[in-house]
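Now for the letters of each chain:
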Amino acid sequence: NGVTAFRSNSKDKMGFIDKNGNYIIEPKFDNAHNFAANGLARVEVNNRWGYINTSGEYVIEPKFADAYDFDENGMAHVFYNGRHGFINTKGDWIIENKYVTIEKFADNGLAKMCVKVGDDSYLYGYIDRNGNEVVPAKYSECNDFSNGLAAVRIENNWGFVDSKGDM
């Protein structure tokens, strides 16, 4: 869109300029990333991330400990209150922030996730873009999908699951 994030000369705040070097949004953010295709940019203020529009107005107030750009499906991975989830462009939860970790969605539409069980035990599985646990979190370890299968481990035994969760 011809606008880029930049750090001011004093290097303490970030804002946005056009290709001619004109200020589009004055430097007022601790950190900022370029605008995504959906017209939103993620910005950090006081160690919290939020999203602004091209006018510099908050569309989603800074409240996340970490946040990522929106993907082509209008979802952004965020970290809030010690858990990972996904929000839409209005800041509503698409996938509740209940996961210890969650990775990007693979080509098959599934993302590896991790839940905490008990005091110090973790289990892994896969969710779809609606937050459905397609492959329930019951594995000690999971790998990425390749050629339609993902290697999974229960205790010391390894096997493969397909994108429906069938072993």
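Quick note: structure is the one above.
What comes next concerns the included structure. (Residues numbered from 1 in each chain as written. Predicted model: local features only at pLDDT ≥ 70, side-chain atom pairs only at ≥ 80, totals over all residues. Heavy atoms only, no water.)

**Concerning the sheet that holds strand E4 (residues 31-32)**
Here four strands make up an open sheet; going across it, the order is E4-E5-E6-E7 and the pairing antiparallel. Bordering the open sheet on either side are E4 and strand E7 (58-64), each of which pairs with just one other strand. (Pairing = 2+ DSSP bridges. Helix = DSSP H or I, 4+ residues; strand = E, 2+ residues; numbered from the N terminus.)

**Describing the pairing of strand E13 (residues 111-117)**
Most of E13 sits out of view: five of its seven residues are buried. With two bridges joining them, strand E12 (residues 101-102) and E13 adopt antiparallel strand pairing. Following the sheet pairing, Ile 102 is matched in E13 by Met 113. Of the strand pairs in this sheet, E13 and strand E14 (residues 121-127) are connected by seven bridges, and their pairing is antiparallel. Bridge pairing in E14 places Lys 112 opposite Tyr 126. (Buried < 20%, exposed > 50% of the residue type's maximum accessible area, 1.4 Å probe, protein only.)

**Observations concerning the pattern of salt bridges**
Enumeration according to the criterion identifies five salt bridges in this entry. Notably, a salt bridge pairs Asp 71 with Arg 129, separated by 3.4 Å at the nearest N-O pair. Of the two residues, Asp 71 sits in the loop between strand E8 (66-67) and strand E9 (76-80) while Arg 129 sits in the loop between E14 and strand E15 (133-139), which places them 58 residues apart along the sequence. As a salt-bridge pair, Arg 153 and Glu 141 come within 3.2 Å of each other at their nearest N and O atoms. On the criterion of sequence distance, the pair formed by Arg 153 in strand E17 (residues 149-154) and Glu 141 in strand E16 (residues 141-142) is long-range, its members being 12 residues apart. (Salt bridge = Lys/Arg side-chain N within 4 Å of Asp/Glu carboxyl O.)

**As for the side chain of Asp 18**
Among the structural elements, Asp 18 can be located in strand E2 (residues 14-18). Lys 19 provides the closest opposite charge to the buried, salt-bridge-free Asp 18, at an N-O distance of 8.5 Å. Here Asn 20 takes part through its backbone nitrogen, which lies 2.9 Å from a polar atom of the side chain of Asp 18. Residue contacts for Asp 18: discarding those within four places in its chain leaves Gly 2, Val 3 and Ile 24. (Lys, Arg positive; Asp, Glu negative; His and termini not counted. Polar contact = N/O pair within 3.5 Å; in protein donor to acceptor, adjacent residues only side chain to side chain. Contact = heavy atoms within 4.5 Å.)

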